[in-house]
Amino acid sequence: MAGQPEIDSSVPHSARIWNHWLGGKDNYPVDREVGDEFLSIFPGQADIARHSRAFLGRAVRYLAGEAGVRQFLDVGTGLPTVDNTHEVAQRIAPDARIVYVDNDPLVLTHARALLTSTPEGATSYIDADIRQPDVILARAAETLDFDRPVALLLLGILGHLTDEDDPEGVLARLTAPLAPGSHVVINDGTNVVGTPGSDGPDETARARAIARYVEAGGVAYNLRSPERIAGFFDGMELLEPGVVTVSRWGTEPSPFEEPPEVDAFCGVARIPG
């Protein structure tokens, strides 16, 4: 693709590290090195990545199925793996339209894999940062009809905003044009579950791993409380079971042991009207 920015393979990037954690091959040695060091400090991150990906599938299946949503705006999509948003949605609703947003040059090189679509539906890709909500919305409007319900997916992305970036304000700008019946899906990192170890849960391990990641050149990820994540849904109709760990949203009731809690909390909410 002409004009695409140059990829710096010497600096770790969160999208490529997540790709490594999920077993993908679209990453560089620095990503694997930093990702493996992260896991050595905070082994629970592997479960967070796996359960977060599974939550994406369950949420999109609910939205395209029971909720009847036919338009999806996936901000911070990351690198394509198995069962991307458009694949899950169009499996249920072939006419679904999906817009992906990311700012990693490697994601841009893989945009063709994201841009596949059913003949009835559509997919597109926007190279933009979440701090540019007006740019995102203007370009998304080329594919999506904001007079009809849209599902806004913000999975693991708000943590990249500092409090100075005003994540609540960014979210408000992204949701402002969404029609009644639209949905907002958020999944973000917390530091309340901890990771099992010989001495019991260690609530500081993830913070230490993130600090080491930043030292290696990565961009900081800001952990927030489940209560702060719940506050992102103020003014919306939060669906059951509310804000819970990603491993426990949309799972089928079972007489057996519940899925383990992990340090990423999520919710799905409907915009009323």
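All figures in this text were calculated on a predicted structure; none of them were measured in a lab.

A. Representation of the nonpolar core. Counting residues in hydrophobic clusters, the biggest one holds 47 residues, and the most contacted among them are Phe 55, Leu 63, Phe 72, Val 185 and Val 268. Per-element tally for this core: the top contributor is helix H3 (residues 44–64), with eight residues. Excluding anything up to four places from it in sequence, Val 268 contacts Phe 55, Ala 59, Leu 63, His 183, Val 184, Val 185, Phe 233, Glu 237, Leu 238, Leu 239 and Trp 249. The next biggest cluster of nonpolar side chains, apart from the first, holds 32 residues, and it includes Ala 140, Ile 157, Leu 174 and Leu 178.

B. Expanded view of helix H9 (residues 205–215). Residues of H9 that are buried include every one of Ala 205, Arg 206, Ala 209, Ile 210 and Tyr 213, and no others. Angularly, the buried residues of H9 cover 135° about the axis, an arc narrow enough to put them on a single face. Looking at the buried residues of H9, the elements they touch are helix H1 (14–21), helix H2 (29–41), H3 and strand S5 (183–189). At the C-terminal side of H9, Gly 217 shows a positive phi close to 110°.

C. Fine view of the packing of H2 against H9. Viewed as axis vectors pointing N to C, H2 and H9 meet at an angle of 155°, and their least axial separation amounts to 8 Å. Here H2 lies roughly antiparallel to H9, going by the angle between them. Judged by the twist between their axes, the crossing of H2 over H9 is right-handed. Where H2 approaches H9, its residues Val 34, Glu 37, Phe 38 and Ile 41 are matched on the opposing element by Ala 205, Arg 206, Arg 208, Ala 209, Ile 210, Arg 212 and Tyr 213.

D. Expanded view of unusual backbone geometry. Residue Pro 241 is bonded to the preceding Glu 240 through a cis peptide linkage, with omega at 10°. Here Pro 241 is to be found in the loop between strand S6 (237–238) and strand S7 (244–245). The phi torsion at Asp 166 lies on the positive side, around 60°, for a residue other than glycine. Along the chain, Asp 166 falls in the loop between strand S4 (151–155) and helix H8 (167–175). Given a relative accessible area of 38%, Asp 166 falls into the partly exposed group.

What counts, and at which threshold
Residues numbered from 1 in each chain as written. Predicted model: local features only at pLDDT ≥ 70, side-chain atom pairs only at ≥ 80, totals over all residues. Heavy atoms only, no water. Core = buried A, V, L, I, M, F, W, Y, C linked by side-chain atoms within 4.5 Å. Buried < 20%, exposed > 50% of the residue type's maximum accessible area, 1.4 Å probe, protein only. Helix = DSSP H or I, 4+ residues; strand = E, 2+ residues; numbered from the N terminus. Contact = heavy atoms within 4.5 Å. Arc of directions from axis to C-beta. Axes fitted to C-alpha atoms, helices over the stretch in contact; angles between N-to-C directions. Parallel < 35°, antiparallel > 145°, perpendicular 65-115°, else oblique. Left-handed = near helix turned anticlockwise from the far one by under 90°.

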